[in-house]
Amino acid sequence: MRWALNRLALAITSMVALAFLVPLAVAIWQIAHDKAISEARQQATSMVTVLGVNAEPTALTNAVASTSAGSAGLLAVHLPGLDPIGSSHLGGSTVERAAKQRRSATAAAAGGLAYLQPTVLTDGRTVVVEVFVTDAEMRRGVYKAWASLFGLAVVLVAGSTLLADRLGAQMVRATRQLAASTRRLGGGELNERIEPSGPRELRDAAQAFNTMAGDLRRLLDRERELAADLSHRLRTPLTALRLDAETIPPGPIADRMRQACDLLDEELEAIITGARLGVEARGNEQCDLVEVLADRLAFWSVLAEDQERPWEVVGGNEPVPVPMSRSDVILVVDAMLGNVFSHTPEGVAFRVSVSATGLLVDDAGPGIPDPESAVRRGFSGAGSTGLGLDIVRRAADTVRGQLVVGQSPLGGARVGFLMTSEVGLQTGFRSS
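Let me begin by describing the structure that accompanies this report. (Residues numbered from 1 in each chain as written. Predicted model: local features only at pLDDT ≥ 70, side-chain atom pairs only at ≥ 80, totals over all residues. Heavy atoms only, no water.)

Tracing the chain through its elements places Gln 117 in strand 4 (residues 112–120). Polar contacts involving the side chain of Gln 117 include one to the side chain of Tyr 115, which spans 2.8 Å. Residues in contact with Gln 117, not counting those within four places in the same chain, are Ala 44, Val 48, Ser 104, Val 127, Val 128 and Val 129. (Helix = DSSP H or I, 4+ residues; strand = E, 2+ residues; numbered from the N terminus. Polar contact = N/O pair within 3.5 Å; in protein donor to acceptor, adjacent residues only side chain to side chain. Contact = heavy atoms within 4.5 Å.)

If you want it as structure tokens, here you go:
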């Protein structure tokens, strides 16, 4: 924008300068030419006055020599039947024609221009006074005036361009500030505000941004409180469920029910705590993907054993930090593993692959016929809402990676996310 404004100012001022410079340059040339001719006319008039007093050749010779033009060899007097007195720069035919016409005229000559002034003496003879004007005399002061005009045009063009650059810099600075604040707001810095600056339209945009940021902050605060309240309300049915679990006779089923109640209680507590923290605090959280996966596999392995599902873990030898809270990672892992248990028959094997590039869950089930529809919430088919895949999609967005939904090497479905963009789209869909 700044460079475009500079070019626009440069183009406009240059055209305006040219529109004035060209006529002025021609006018200066014409003025210098007319001035030289006027001086020649004055010289000729003075000789005409002398001719009116004394037309003798000797007197005329002295008179020609006494003038500045005559002493410089630029003046001549043409008497009928006699040689020119002084220095003539024209041929005899041009002088004779001027004598016959008896009116002043100019004639081109080598190196300049000759001004001819005829006059009639008292005895009836016609005398022609010739004053030669050199090219240098007709151009005297022209180039200096042109140089001054050119310098003035350069100063005006440079000044207007500099002024446009300053105005453009002010607008660009305000625009960049607005763009940077928008990116920071999108990154979770809800306290971001802009000091309005620049033109009126940009100040209005900055004020609108501040209003939007305030409304967004209030909206998220309400949503956060609502999530915390809803999670807290689930405590009542959870307490009843726990009491019912206590009445179950001791055994594997009772242990699993109590473990599920404890886990659900921990998850509710984590949701309430996370909701109370706010977006800024949650955005700075980080946990180990491998550690969370190990904890969740301890839970899901019991169900896999009951359903006689073979399973294995690939990788996980080193920690894999992810910019997500522990509760969010638990939600993602449970969504991926729950997808296997919900949509494949009992006894179907699955494999979990974890590394620094991401997390993938493969199964040997029937697979996903239409992966593109499966990632759309509410349209995944098979009685599913697609919420689990939507959770994985959001995790891929958080780690700035890509969602993977496709065919598994085991013959079934592959679901997961990659934290790098090195893997092509052959294995899945880029997260939007």
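With six of its six residues buried, strand 10 (residues 358–363) lies for the most part within the structure. Burial of the side chains of strand 10 extends over both faces: Gly 358, Leu 360 and Asp 362 are buried on one face and Leu 359, Val 361 and Asp 363 on the other. Two strands pair when backbone bridges link them, and strand 9 (residues 350–355) and strand 10 are joined in this way by six bridges, in the antiparallel orientation. Bridge pairing in strand 10 places Val 354 opposite Leu 359. Between strand 9 and strand 10, which follow one another and run antiparallel, lie two residues. Pairing of strand 10 with strand 12 (residues 413–418) involves five bridges; the strand directions are antiparallel. What sits directly across from Leu 360, in strand 12, is Gly 416. (Buried < 20%, exposed > 50% of the residue type's maximum accessible area, 1.4 Å probe, protein only. Pairing = 2+ DSSP bridges.)

The subject of this paragraph is the pattern of salt bridges. A side chain with one charge may pair with a side chain of the opposite charge, provided their charged atoms come close. For the coordinates displayed, the defined rule picks out 14 salt bridges. Between Asp 204 and Arg 200 there is a salt bridge, with the nearest N and O atoms lying 3.8 Å from each other. Of this pair, Asp 204 and Arg 200 both sit in helix 7 (residues 200–233), separated by four residues, roughly a single helical turn. A relative accessible area of 38% places Asp 204 in the partly exposed class. Since its relative accessible area comes to 52%, Arg 200 is described here as exposed. The shortest N-O distance in the salt bridge between Arg 351 and Asp 362 comes to 3.8 Å. In this pair, Arg 351 is assigned in strand 9 and Asp 362 in strand 10, connecting sequence segments eleven residues apart. (Salt bridge = Lys/Arg side-chain N within 4 Å of Asp/Glu carboxyl O.)

With that out of the way, let us pick up the packing of helix 1 (residues 2–53) against helix 6 (residues 142–186). The N-to-C vectors of helix 1 and helix 6 enclose an angle of 165°; their axes lie 9 Å apart at closest approach. Compared by their axis directions, helix 1 and helix 6 come out roughly antiparallel. Relative to helix 6, the crossing made by helix 1 is right-handed. Broken down by class, the residue content of the contact of helix 1 with helix 6 amounts to 20 nonpolar, six polar and three charged. (Axes fitted to C-alpha atoms, helices over the stretch in contact; angles between N-to-C directions. Parallel < 35°, antiparallel > 145°, perpendicular 65-115°, else oblique. Left-handed = near helix turned anticlockwise from the far one by under 90°. Nonpolar A, V, L, I, M, F, W, Y, C, P; charged D, E, K, R; others polar.)

Read these as spatial facts, not as claims about activity.
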